[in-house]
Amino acid sequence: MDALRTNRPTLDALRHMPVSDVIALPAEHLALLQTDAREALDAAKRMQDWIEAAIALRYEQRAIGARAAAGKDTGAVRFQDGAVEIAVDLPKRVDWDQTRLAALAEQIRAGGEDPSQYVEISFKVAERAYTAWPERIRQAFEPARTVRTGRATYRLAILSETALRDGPHGPGIRTTQGGR
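A brief report on the enclosed structure follows.

Conventions used here
Residues numbered from 1 in each chain as written. Predicted model: local features only at pLDDT ≥ 70, side-chain atom pairs only at ≥ 80, totals over all residues. Heavy atoms only, no water. Helix = DSSP H or I, 4+ residues; strand = E, 2+ residues; numbered from the N terminus. Buried < 20%, exposed > 50% of the residue type's maximum accessible area, 1.4 Å probe, protein only. Contact = heavy atoms within 4.5 Å. Areas by Shrake-Rupley, 256 points an atom, 1.4 Å probe, with all protein chains shown as cover. Core = buried A, V, L, I, M, F, W, Y, C linked by side-chain atoms within 4.5 Å. Salt bridge = Lys/Arg side-chain N within 4 Å of Asp/Glu carboxyl O. Phe/Tyr/Trp six-rings, centres within 6.5 Å; stacked < 30°, edge-to-face > 60°. Expected span 1.5 Å × (residues − 1). Bend = angle between axes of the 7 residues up to and from the residue. Pairing = 2+ DSSP bridges.

This brings us to the overall build of the protein chain. Scanning the protein chain from terminus to terminus reveals eight helices and two strands. For the protein chain, the N- to C-terminal ordering of α and β elements is α-α-α-α-β-β-α-α-α-α. Taking all 180 residues of the protein chain together, 12% fall into the buried category. Taking as baseline every contact in the protein chain between residues at least 6 positions apart, the subset at least 24 positions apart corresponds to 32%. Just so you have it, the protein chain exposes about 15,200 Å², and 55% of that area is on carbon and sulfur atoms.

See below:
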């Protein structure tokens, strides 16, 4: 395994390689590079979180004061620290009680008005429920259903010699599962 780590390109070298050369790398190298990239990304995310937390601790009270001075509880405020302008946005997240909204929409409709003038109405079907329905019901809903796929992801793992020898596909055939 150490030989694989020492005779393969680094992530820095990889970014300068033509894709045809990357494609031609041994599968074990691709698996190790993928792991290296994932670890580098995780480390960068942890560092970003650390820096963002420090920034929040440093400027939180000033942001609260700027928001209070502007007479608002949420939204964006700006202030300066020396030559640096700090923009702080505290977004407003609003959740609505769906049962109460449905009842209000019915009251509006009963009063002779169009509830769509006041609320957005949407319908959803749980996929698990859809697949459990009788065929005749599924057929009625089929024209309203669109299925899209997400982006395929690939995780490569280097198998031990034992796993290679005793695996269900025998030597030479390897399967990988998509998804995270």
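This next bit is on the nonpolar core. The biggest cluster of nonpolar side chains holds five residues, and these are Y59, A63, V77, F79 and I86. For this core, the secondary structure elements donating two or more residues are helix 4 (27-69) and strand 1 (75-81). Those residues in contact with V77 that sit more than four places away from it in its chain are A63, A66, R67, K72, I86, A87 and V88.

Oppositely charged side chains can form a pair if their charged atoms are brought close together. Here the structure, examined in full by the defined rule, presents eight salt bridges. We note a salt bridge from R15 to D12, for which the minimum N-O separation is 2.7 Å. Among the salt bridges present, the one from R145 reaches E127, with a minimum N-O distance of 2.4 Å. Within this pair, whereas R145 is found in the loop between helix 7 (135-141) and helix 8 (161-166), its partner E127 is found in helix 6 (residues 127-132), the two being separated by 18 residues in sequence. Looking at R145, the relative accessible area reads 28%, which means it is partly exposed.

Once that is clear, we can look at the packing of aromatic side chains. Throughout the structure, instances matching the rule amount to three aromatic pairs. On the numbers, 5.9 Å between centres and 50° between planes, the contact of Y59 with F79 is tilted. Of this pair, Y59 sits in helix 4 while F79 is found in strand 1, placing the two residues 20 residues apart along the sequence. Here Y59 falls in the buried class, since its relative accessible area comes to 12%. Exposure remark for F79: the relative accessible area of 11% places this residue in the buried category. Among the aromatic residues, those joined into a ring-pair cluster are Y130, W133 and F141.

What follows concerns helix 4. Along its 43 residues, helix 4 runs 59 Å from first to last C-alpha, staying within 8% of the 63 Å computed at 1.5 Å per residue. Of all the bends in helix 4, the greatest, near 50°, is centred on Y59. By the burial criterion, the buried members of helix 4 are H29, A31, L32, L33, D36, Y59, A63 and R67. G71 lies just past helix 4 and shows a positive phi near 70°.

Pairing geometry for strand 1 and strand 2 (residues 84-90), over seven bridges, is antiparallel. For F79, the partnering residue across the bridge sits in strand 2 and is I86. Between the end of strand 1 and the start of strand 2, which pair antiparallel, lie two residues, with G82 showing a positive phi angle near 65°.

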